[in-house]
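# Coordinate inspection notes
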Amino acid sequence: MKRVLFLIVIVAVLLSACKKKGGNTPAQNVLPKEYTTAIVQNYGSFYKDEGYEHQVFTLDLYSKGISFDSLGYLHGSGYNLYFSDIFLPEKSMLLDTVYTIDSIPKIATFLKGMDFEGNYTGAYLLSIVDGQLDGISLVTDGSFAIETANDSILMSFNVVVGEKTKYAATYKGNPYYIDNSKTNASARLPYILKTREVAR
């Protein structure tokens with residue numbers, strides 16, 4: 001957790017230069033076409049005890065309008081696109097490839113969004129208004145691609161949010177990276193769900 005808070009402070013410095021049911025579309029009307037901040041975390045062989053040796057990554061993206069203060073609290077309004085389980089070979093980093101949605105761990109796949117009585121896993125889109133969680137929509141289908149060019153990473157997302165909303169967006173830049181592979185970390189959640197109580 002200390003590493004996460006330290007990273008958030010770094011993000012804050014650089015950026016300074018009503019929960020709804022999971023299948024609903026978040027309250028804000030216009031989904032962003034571009035994300036400006038990306039955080040990648042490696043959780044090592046998180047599912048080793050279940051027979052999967054794959055490396056597990058999370059990908060946490062924030063749109064323009066969201067920032068963090070010096071204490072690590074989130075402010076502003078926008079969207080947070082989050083993938084909690086991305087699977088890659090042992091001892092690897094995020095690869096330049098196409099990642100597709102699946103229901104079980106496979107190389108270069110990510111788990112679809114699921115709601116277990118308010119406990120969210122997989123991929124989902126969070127709407128944030130004035131620093132507060134306003135809505136969550138599950139990512140139920142689709143893919144995203146990663147490509148490295150000119151010392152910058154391009155991510156292109158083509159997913160389905162909720163039951164049928166097709167959504168395309170991109171990120172271009174250099175993601176922040178946290179290695180949790182040796183910390184025995186258990187909570188693979190976006191920042192706002194770690195630190196804010198979700199209204200029920």
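Residues numbered from 1 in each chain as written. Predicted model: local features only at pLDDT ≥ 70, side-chain atom pairs only at ≥ 80, totals over all residues. Heavy atoms only, no water.

With that settled, consider the overall build of the protein. Looking only at helices and strands, one finds two helices and 14 strands in the protein. Taking all 200 residues of the protein together, 46% fall into the buried category. Only carbon and sulfur atoms are counted for the fraction: they give 52% of the accessible area of the protein, which is about 10400 Å². (Helix = DSSP H or I, 4+ residues; strand = E, 2+ residues; numbered from the N terminus. Buried < 20%, exposed > 50% of the residue type's maximum accessible area, 1.4 Å probe, protein only. Areas by Shrake-Rupley, 256 points an atom, 1.4 Å probe, with all protein chains shown as cover.)

Glancing now at the pattern of salt bridges. Scanning the entire structure with this criterion turns up one salt bridge. Of the charged contacts in the structure, one is a salt bridge between Lys106 and Asp102, with a shortest N-O distance of 3.4 Å. (Salt bridge = Lys/Arg side-chain N within 4 Å of Asp/Glu carboxyl O.)

What follows covers the packing of aromatic side chains. Taken as a whole and judged by the stated rule, the model has nine aromatic pairs. Between Tyr62 and Phe68, the ring centres sit 5.4 Å apart and the planes meet at 90 degrees, which makes this aromatic pair edge-to-face. Overall, the relative accessible area of 1% leaves Tyr62 in the buried class. Note on Phe110 and Phe144: the rings are 5.4 Å apart at their centroids and 35 degrees apart in plane angle, and the pair reads as tilted. (Phe/Tyr/Trp six-rings, centres within 6.5 Å; stacked < 30°, edge-to-face > 60°.)

Turning next to the confidence of the model for the protein. Of the residues in the protein, 72% have a pLDDT of 70 or more, and the chain-wide mean is 78. Here residues 1-27 is modelled with pLDDT under 50, and outside its nearest four sequence neighbours on either side it reaches 61 contacts, counting other chains as well. Across residues 195-200 the pLDDT falls below 50, and counting only partners more than four positions away or on other chains, this stretch makes twelve contacts in the model. (pLDDT = per-residue confidence, 0-100. Contact = heavy atoms within 4.5 Å.)

What follows covers the side chain of Asn80. Turning to its location among the elements, Asn80 is positioned in strand β5 (residues 78-88). Polar contacts involving the side chain of Asn80 include one to the main-chain carbonyl oxygen of Leu61, which spans 2.9 Å. (Polar contact = N/O pair within 3.5 Å; in protein donor to acceptor, adjacent residues only side chain to side chain.)

Where strand β6 (residues 98-102) and strand β11 (residues 132-149) come together, three bridges link them in antiparallel fashion. Across the sheet, Val98 pairs through a bridge with Ala145, a residue of β11. Sheet topology places strand β10 (residues 123-129) next to β11; six bridges connect them, and they run antiparallel. In the sheet register, Leu125 faces β11, and the bridge partner there is Ser137. Where β10 hands over to β11, the hairpin turn is made up of two residues, of which Asp130 adopts a positive phi near 50 degrees. Direction of pairing for β11 relative to strand β12 (residues 152-161): antiparallel, over a ladder of ten bridges. When the sheet's bridge partners are listed, Asp141 is paired in β12 with Val160. Hairpin geometry of β11 and β12 is characterised by an intervening segment of two residues between the two adjacent antiparallel strands and by a positive phi of about 55 degrees at Asn150. (Pairing = 2+ DSSP bridges.)

For strand β1 (residues 34-42), a buried count of seven out of nine residues is recorded, marking the element as mostly surrounded by other parts of the structure. Pairing between β1 and strand β13 (residues 165-173): two bridges, direction parallel. Paired with Tyr35 across the two strands is Tyr171, which belongs to β13. Bridging between β1 and strand β2 (residues 55-63) involves seven bridges; their strand directions are antiparallel. Its bridge partner lying in β2, Asn42 is registered against Phe57. Taken together, the four bridges between β1 and strand β14 (residues 176-179) define a ladder with parallel strand orientation. In the sheet register, Asn42 faces β14, and the bridge partner there is Asp179.

This part takes up the environment of Leu81. If you trace the backbone, Leu81 turns up in strand β5. Leu81 sits in the buried class, given a relative accessible area of 0%. On a C-alpha basis, the gap between Leu81 and Tyr124 in space is 6.2 Å, while along the polypeptide they are 43 residues apart. Dropping the residues within four chain positions of it, Leu81 is found in contact with Tyr35, Leu59, Asp60, Leu61, Tyr124, Leu125, Val139 and Phe157.

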